[in-house]
Structures are given as C-alpha cells and as structure tokens.
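# Fold and contact review
What follows is each chain in one-letter form.
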Amino acid sequence: KTLMMTVSAILGFAVILFEIEMRLSGWKHLAEKSPYYETYVPLSLGIHLFFSISTSVALLSTVVLALKNFSKRPKPNAHSQLHKKLGWISTLGLVGTSITGWIFYYLAFVAD
C-alpha cells in the first residue's frame, strides 16, 4: 500500500510539473520543424491525450476506491475483484500512454 501510494503521488506530481512546463514554455514552436507537424503530430497528440486522460481517471479511481474500501492493513475483501480490474486497466493505460507519448515525441521533435 505504501509503495503504491508513493509511486502514485510521484507520478501525479511529475505529470503536474510537466503540464505546468508545457503551459509556460509551450511546445508547438519546437515542433514546427517536423515534416509531420501538420499531419501526424496532431493525430498522435490526440491519441496520446486519450490514453493519458483516461489512464489518469483510472489511476485516480483505483487509488480513491482502494483507500475507501481497504483497511489500513489491506487484505482481500469484496472490493478485491474490482480493484484487480482497475489495476489492470490502469496498467494497460500506462503502457498505452508511454507508447503513444514516445510516438508523439518522435514525430514532433525527432523526425527530420
């Protein structure tokens, strides 16, 4: 429980810092040089945002429901099956977010 709460807090903090940086610095001026700027960059960003937003909701739901339904010393109970499903949804979402983030990064900032 402590490990998962720590990892979730660090991940949430990192995402908040990243979003603040994107709002303050922007990114479009850096991506305009990409040959995919007008085509695949917006598409890949949209797909990435779908994964990242839905994964954030899944992770937040997993954590909040776990805190609500498990005791201080977690043990299997009626919430366990839903928690397991939410955990897998969150895991798959994190993988999807990572992969689509890499694709977006390549198309926007690396491709020549």
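Refer to the structure printed above.
Cut-offs and rules
Residues numbered from 1 in each chain as written. Predicted model: local features only at pLDDT ≥ 70, side-chain atom pairs only at ≥ 80, totals over all residues. Heavy atoms only, no water. Helix = DSSP H or I, 4+ residues; strand = E, 2+ residues; numbered from the N terminus. Phe/Tyr/Trp six-rings, centres within 6.5 Å; stacked < 30°, edge-to-face > 60°. Buried < 20%, exposed > 50% of the residue type's maximum accessible area, 1.4 Å probe, protein only. Patch = residues over 30% accessible without salt bridge, like charges linked within 9 Å, V, L, I, M, F, W, Y side chains within 5 Å. Areas by Shrake-Rupley, 256 points an atom, 1.4 Å probe, with all protein chains shown as cover. Salt bridge = Lys/Arg side-chain N within 4 Å of Asp/Glu carboxyl O.

### Let's talk about the environment of Tyr106
Within the fold, Tyr106 resides in helix 4 (residues 80–110). For the pair Tyr106 and Lys84, spaced 22 residues apart in the sequence, the C-alpha separation amounts to 33 Å.

### A short note on the packing of aromatic side chains
Here the structure, examined in full by the defined rule, presents six aromatic pairs. A ring pair is formed by Trp27 and Phe109, whose centres lie 6.4 Å apart and whose planes are at 85°; its orientation type is edge-to-face. Here Phe109 lies in helix 4 and Trp27 lies in the loop between helix 1 (2–25) and helix 2 (28–31), a separation of 82 residues in the sequence. What makes Phe109 partly exposed here is its relative accessible area of 30%. Linked through ring pairs, Trp27, Phe104, Tyr105 and Phe109 together constitute an aromatic cluster.

### Description of a nonpolar patch on the surface
Together, Phe13, Ile16, Leu17, Ile20 and Leu24 make up a nonpolar patch on the protein surface, roughly 550 Å² of accessible area in all. Looking at the element boundaries, Ile20 is found in helix 1. For Ile20, a relative accessible area of 43% puts it in the partly exposed group.

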